[in-house]
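Breakdown of the fold
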Number of protein chains: 2
Amino acid sequence: MQAKEAAERLGITQRMLRHYENEGLLDVGRTLNGYRSYTEVDLRRAGRVRDFIATGFSTREIRAMSACLSDEGAGPCEGGLEKLKEKLEHIDRLRAELDEKRSAVMDRLATLQNGLATVSSR
Amino acid sequence: MQAKEAAERLGITQRMLRHYENEGLLDVGRTLNGYRSYTEVDLRRAGRVRDFIATGFSTREIRAMSACLSDEGAGPCEGGLEKLKEKLEHIDRLRAELDEKRSAVMDRLATLQNGLATVSSR
DNA sequence: ACAAAGCCTGACGTACATGTTAGCGTTAAA
DNA sequence: TTTAACGCTAACATGTACGTCAGGCTTTGT
């Protein structure tokens, strides 16, 4: 498929796709006229790159664990899981605190509505 | 506590702490001599900033949901949970694929060792 | 045949996180 | 009292992810 569709399906810009390719994270074929031609495999790989980057990894880091990008894992994925787990720690800490905070807010909200209900039912 | 200790306890540089402060994410008090003085509350907040940034958020985004940073959540945390959930989606997709890949590798490894054991026990 | 829409490369611009260095006060130990 | 360790600001430098724009093909509908 062509660049436009690929970008749309991934929810990113063509520029970003080209960037990933320039950084050696993607190797996209061309048609006779020189246009890039994305396969479904390319798409999945690009999707992973997008996710890694959105999660705070640099292209350099991603390149270092390129085995994590292929559909069929050839290598042991060079510490990819470990690094991901570090990110997870960060995110988990945040999520735990936010969840806590959210329920506190919900509680206060419930209490408030309760109070109003009590009042209005008098 | 002073800058050095604060940075060490957070596992980041003093430069980064100052950066967070310059970006309006932290408001650290000073002692008479002008030295920054970090409280435990400051530390927790800075830790959250560190985690948000390590997870791919920009100072700008973090500022926009600054309610997510205070110990006692005053506000509804302005979409903080939603954004975090997006990040989680990215990370979850990656983790699922990596876990899958890892077990595939482990399987092959087990098969291999099994084969060797069989051979050596002949 | 021509316009509209896509693709391509290359280059410049920007935002942001950090590192680094310089110049200078403070504090505490030898 | 000198020296080492630490703090501060300000400014410059770097790396990375993109946005954007120019100049120029290709393809397709009219």
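Residues numbered from 1 in each chain as written. Chains lettered and ligands numbered in written order. Predicted model: local features only at pLDDT ≥ 70, side-chain atom pairs only at ≥ 80, totals over all residues. Heavy atoms only, no water.

In the annotation of an unreviewed UniProt entry, the entry for chain A reads DNA-binding transcriptional MerR regulator, and the organism field reads Yoonia maricola.

Secondary structure summary: chain A contains five helices and two strands in total. Going from the N terminus to the C terminus, chain A shows its helices and strands as α-α-β-β-α-α-α. Counting all 122 residues of chain A, 36% fall into the buried class. A separation of at least 24 residues holds for 41% of the contacts in chain A among residues at least 6 apart in sequence. Accessible surface, chain A as shown: approximately 7,400 Å² in total, 51% of it carbon and sulfur. (Helix = DSSP H or I, 4+ residues; strand = E, 2+ residues; numbered from the N terminus. Buried < 20%, exposed > 50% of the residue type's maximum accessible area, 1.4 Å probe, protein only. Contact = heavy atoms within 4.5 Å. Areas by Shrake-Rupley, 256 points an atom, 1.4 Å probe, with all protein chains shown as cover.)

So, about the protein's contact with DNA strand D. With respect to spatial proximity, 20 residues lie near DNA strand D, and among them Arg15 and Thr59 of chain A together with Lys4, Arg30 and Arg36 of chain B are the closest. Close to the protein, within 4 Å, the atoms of DNA strand D belong to sugar or phosphate groups at a rate of 75%. Here a base oxygen of DNA strand D sits 2.8 Å away from a polar atom, N or O, in the side chain of arginine 15 of chain A. Measuring from a phosphate oxygen of DNA strand D, one finds a side-chain N or O atom of lysine 4 of chain B at 2.6 Å. (Near = heavy atom within 4 Å. Polar contact = N/O pair within 3.5 Å; in protein donor to acceptor, adjacent residues only side chain to side chain.)

Right, let's talk about the packing of aromatic side chains for a bit. Residues and elements named next belong to chain A. Tallying each qualifying case throughout the model produces two aromatic pairs over all chains. Centroid distance phenylalanine 52 to phenylalanine 57: 5.3 Å. Interplanar angle 85 degrees. Geometry classified as edge-to-face. Here phenylalanine 57 falls in the buried class, since its relative accessible area comes to 5%. (Phe/Tyr/Trp six-rings, centres within 6.5 Å; stacked < 30°, edge-to-face > 60°.)

Our focus in this paragraph is the protein's contact with DNA strand C. Neighbouring residues of DNA strand C: 20 residues in total, closest Lys4, Tyr35 and Arg36 of chain A together with Tyr35 and Thr59 of chain B. Backbone sugar and phosphate groups make up 70% of those atoms of DNA strand C lying within 4 Å of the protein. Here arginine 36 of chain A contributes a side-chain N or O atom positioned 2.2 Å from a phosphate oxygen of DNA strand C. Separating a phosphate oxygen of DNA strand C from a side-chain N or O atom of asparagine 33 of chain B is a distance of 3.1 Å. Those elements that place two or more of their residues in the surface near DNA strand C are helix H1 (3-10) and helix H2 (14-22) of chain A together with helix H2 (14-22) and helix H4 (59-64) of chain B. Ranked by residue count, the leading element in the surface near DNA strand C is H2 of chain B, at four residues. Grouping the amino acids of the surface near DNA strand C by side-chain chemistry returns six nonpolar, eight polar and six charged. (Nonpolar A, V, L, I, M, F, W, Y, C, P; charged D, E, K, R; others polar.)

In this section: the packing of helix H1 (residues 3-10) of chain B against helix H3 (residues 40-54) of chain B. All names here are of chain B. Close contact between H1 and H3 brings their axes to 10 Å; oriented N to C, the two are set at 45 degrees. With respect to each other, H1 and H3 are oriented oblique. When you trace H1 past H3, the crossing you get is right-handed. For the pair H1 and H3, contact is made by Ala6, Arg9 and Leu10 and by Glu40, Leu43, Ala46, Gly47 and Arg50, respectively. (Axes fitted to C-alpha atoms, helices over the stretch in contact; angles between N-to-C directions. Parallel < 35°, antiparallel > 145°, perpendicular 65-115°, else oblique. Left-handed = near helix turned anticlockwise from the far one by under 90°.)

Before going further, it helps to examine the pattern of salt bridges. Applying the stated criterion to the full structure yields 10 salt bridges over all chains. Close ionic contact of arginine 30 of chain A with glutamate 21 of chain A constitutes a salt bridge, the shortest N to O distance being 3.8 Å. Arginine 30 of chain A gets classed as partly exposed once you look at its relative accessible area, which sits at 46%. Given the relative accessible area of 14%, glutamate 21 of chain A is considered buried. Here aspartate 51 of chain B and arginine 50 of chain B are joined by a salt bridge, their closest N and O atoms 3.2 Å apart. One salt-bridge network, held together by shared partners, links Glu21, Arg30 and Arg36 of chain A. (Salt bridge = Lys/Arg side-chain N within 4 Å of Asp/Glu carboxyl O.)

Let us now look at the nonpolar core. Grouped together as the largest cluster of nonpolar side chains are 48 residues, with contacts concentrated most on Leu17, Leu26 and Phe52 of chain A together with Leu17, Leu26 and Phe52 of chain B. Residue assignment for this core shows that the elements contributing at least two residues are H1, H2, helix H3 (40-54) and helix H5 (80-120) of chain A together with H1, H2, H3 and helix H5 (80-120) of chain B. In this view, leucine 26 of chain B contacts Leu17, Tyr20, Glu21, Arg45, Ala46 and Val49 of chain B; residues no more than four positions away in its chain are not counted. (Core = buried A, V, L, I, M, F, W, Y, C linked by side-chain atoms within 4.5 Å.)

All names here are of chain B. The set of residues buried in H1 consists of Ala3, Ala6, Ala7 and Leu10. Projection of H1 onto a plane perpendicular to its axis shows the buried side chains occupying an angular sector of 95 degrees, all on one side. Turned more than 90 degrees from where H1 packs its buried face, Lys4 and Glu8 sit exposed. In the stretch just after H1, glycine 11 is the one whose phi turns positive, near 70 degrees. (Arc of directions from axis to C-beta.)

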